[in-house]
Amino acid sequence: MTLLDGRKVSNDIKNEIASEVDQMRARGEKVPHLAAVIVGNDGASLTYVASKVKACERVGFESTMVRLPHTTSELELLQKIKELNTNESIDGFIIQLPLPPQINTQKVLMTVDPSKDVDGFHPENFGKMALDMSTFIPATPFGILELLERYKVETNGKHTVVIGRSHIVGRPMSILMGRKGWPGNSTVTLTHSHTKNIEEITVQADIIISALGVPNFLKAEMVKDGAVIIDVGITRVPDDNHPKGYVITGDVDFENVSKKASFITPVPGGVGPMTIAMLLKNTLIAREQRKNKD
Ligand code: GUN
């Protein structure tokens, strides 16, 4: 069994990005600038955004965090997005999800300028991705592709089973694994809450990508020998024995599933750090595209 070490690979990617930023600075060019908007006080979201800002500092990007109260109206958020769209110093920005219930997420995401949409959530970018056109690929699926590539995991002709059809992970992942090329060329099954007898499907999978958010959902009996296991789950499970009062738990029963897997991502330290590294990568791409327009 080989551990797909997202912590290590994401560090490698950050080093590669940092050296490109050093070169930009040495040439007297503007360095990439990422902004992150967070609405409300959700603990997990605040932690993710703080990690994104910290990662920007680590690679030499500029960063701006925009914190808005949970009472923010849709109109106020749309106004903020329009400011970010026209702010020449900002190359890319993200709106951390989920948003409070008074705000229509789809409307918000459609207001982001596609050229600054480093999350790849705008319908124009999502459509381009589905049509194999060059675009921003959502950071978590992009991170999974990068892990498969750097560990030279064979995907050609394999049966990939994706668990969960979220717009952020499951849906784009199912499209990307079926695309022509590598990583891709897989036969993809997208499973979700209405799938019947899911274990009969997962047991046939060569590659399982689980993005469900149910701790320890995927058990050893649901997996065939030699399968590749990608665990996107990062649920906070209350635990009084832990100083933070919770433990981050994946969708996969790692202890037992890892005994059957050929490759597996740990939680934490697998897909999570890759998401941040690929967001930085998208921001670097956004800067380069803006530079070419200048
Ligand atoms: N919430 C959970 N994952 C993500 C992500 O990748 N981007 C944004 N903006 N919000 C998220």
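Residues numbered from 1 in each chain as written. Predicted model: local features only at pLDDT ≥ 70, side-chain atom pairs only at ≥ 80, totals over all residues. Heavy atoms only, no water.

*Asks:* Account for helix α3 (residues 74-86), with residues named and values stated.
*Replies:* Taking 1.5 Å of rise per residue, 13 residues should cover 18 Å, and α3 covers 19 Å from first to last C-alpha, within 8% of that figure. Taken together, the buried residues of α3 touch β2 (33-39), β3 (62-68), β4 (92-95) and α4 (105-111). (Helix = DSSP H or I, 4+ residues; strand = E, 2+ residues; numbered from the N terminus. Expected span 1.5 Å × (residues − 1). Contact = heavy atoms within 4.5 Å.)

*Asks:* So, the site of the ligand: which residues are in play, and what are the values?
*Replies:* Taken together, Lys52, Ile95, Gln96, Leu97, Asp119 and Phe121 are the residues near the ligand. In the environment of the ligand, a nitrogen atom lies 3.3 Å from a nitrogen or oxygen atom belonging to the side chain of Gln96. Backbone polar atom of Leu97 to a nitrogen atom of the ligand: 3.0 Å apart, as the coordinates give it. The protein chains hide 83% of the 270 Å² of surface that the ligand would expose on its own. Split into classes, the residues belonging to the shell around the ligand amount to three nonpolar, one polar and two charged. (Near = heavy atom within 4 Å. Polar contact = N/O pair within 3.5 Å; in protein donor to acceptor, adjacent residues only side chain to side chain. Areas by Shrake-Rupley, 256 points an atom, 1.4 Å probe, with all protein chains shown as cover. Nonpolar A, V, L, I, M, F, W, Y, C, P; charged D, E, K, R; others polar.)

*Asks:* Hey, could you go over the pattern of salt bridges for me, with residue numbers and the actual values?
*Replies:* Two side chains with opposite charge may pair up if their charged atoms get near one another. Within this structure, the stated rule accounts for twelve salt bridges. Where Lys30 meets Asp91, a salt bridge forms, and the shortest distance between an N and an O atom there is 2.9 Å. Within this pair, whereas Lys30 is found in the loop between α1 (6-26) and β2, its partner Asp91 is found in the loop between α3 and β4, the two being separated by 61 residues in sequence. Residue classification places Lys30 among the partly exposed positions, given a relative accessible area of 28%. One salt bridge in this structure joins Arg150 and Glu146, with 2.9 Å as the shortest N-O distance. Placement of the pair is Arg150 and Glu146 together in helix α6 (residues 139-150), with a separation of four residues, close to one helical turn. A relative accessible area of 31% means that Arg150 is categorised as partly exposed. The exposure class assigned to Glu146 is buried, which follows from its relative accessible area of 13%. (Salt bridge = Lys/Arg side-chain N within 4 Å of Asp/Glu carboxyl O. Buried < 20%, exposed > 50% of the residue type's maximum accessible area, 1.4 Å probe, protein only.)

*Asks:* Run through the sheet that holds β3, naming residues and quoting values.
*Replies:* Read from one edge to the other, the open sheet built from three strands follows the order β3-β2-β4, with strand pairing classed as parallel. Two strands close off the open sheet at either side, each with one partner strand: β3 and β4. For this sheet, the mean angle separating the axes of adjacent strands, direction not counted, is 15°. Two elements, β2 and β4, share four bridges in a ladder whose sense is parallel. Paired with Ala35 across the two strands is Phe93, which belongs to β4. On the sheet, helix α2 (residues 43-59) packs against β2, β3 and β4 and is oriented at approximately 160° with respect to β3. (Pairing = 2+ DSSP bridges. Axes fitted to C-alpha atoms, helices over the stretch in contact; angles between N-to-C directions.)

*Asks:* Please provide a residue-by-residue account of the nonpolar core, values included.
*Replies:* Ile17, Phe61, Ile144, Ile209, Ile230 and Val232 are the most contacted members of the largest nonpolar core, which totals 51 residues. For this core, the element with the most residues is helix α10 (residues 271-293), which contributes nine residues. Non-local contacts of Ile209, meaning those with residues more than four positions away in its chain, are made with Ile144, Thr160, Val161, Val162, Ile163, Met173, Met177, Ile230 and Val232. Of all hydrophobic cores here, the second largest spans 19 residues; its members include Val37, Ile95, Val108 and Phe121. (Core = buried A, V, L, I, M, F, W, Y, C linked by side-chain atoms within 4.5 Å.)

*Asks:* Could you give an account of the pairing of strand β6 (residues 187-191), with specific residues and numbers?
*Replies:* Where strand β5 (residues 159-163) lies against β6, five bridges are found, and the strand directions are parallel. Across the sheet, residue Val162 finds its bridge partner in β6, namely Leu190. For the crossover from β5 across helix α7 (residues 170-178) to β6, the handedness is right-handed. (Right-handed = clockwise from strand over helix to strand, strands pointing away.)

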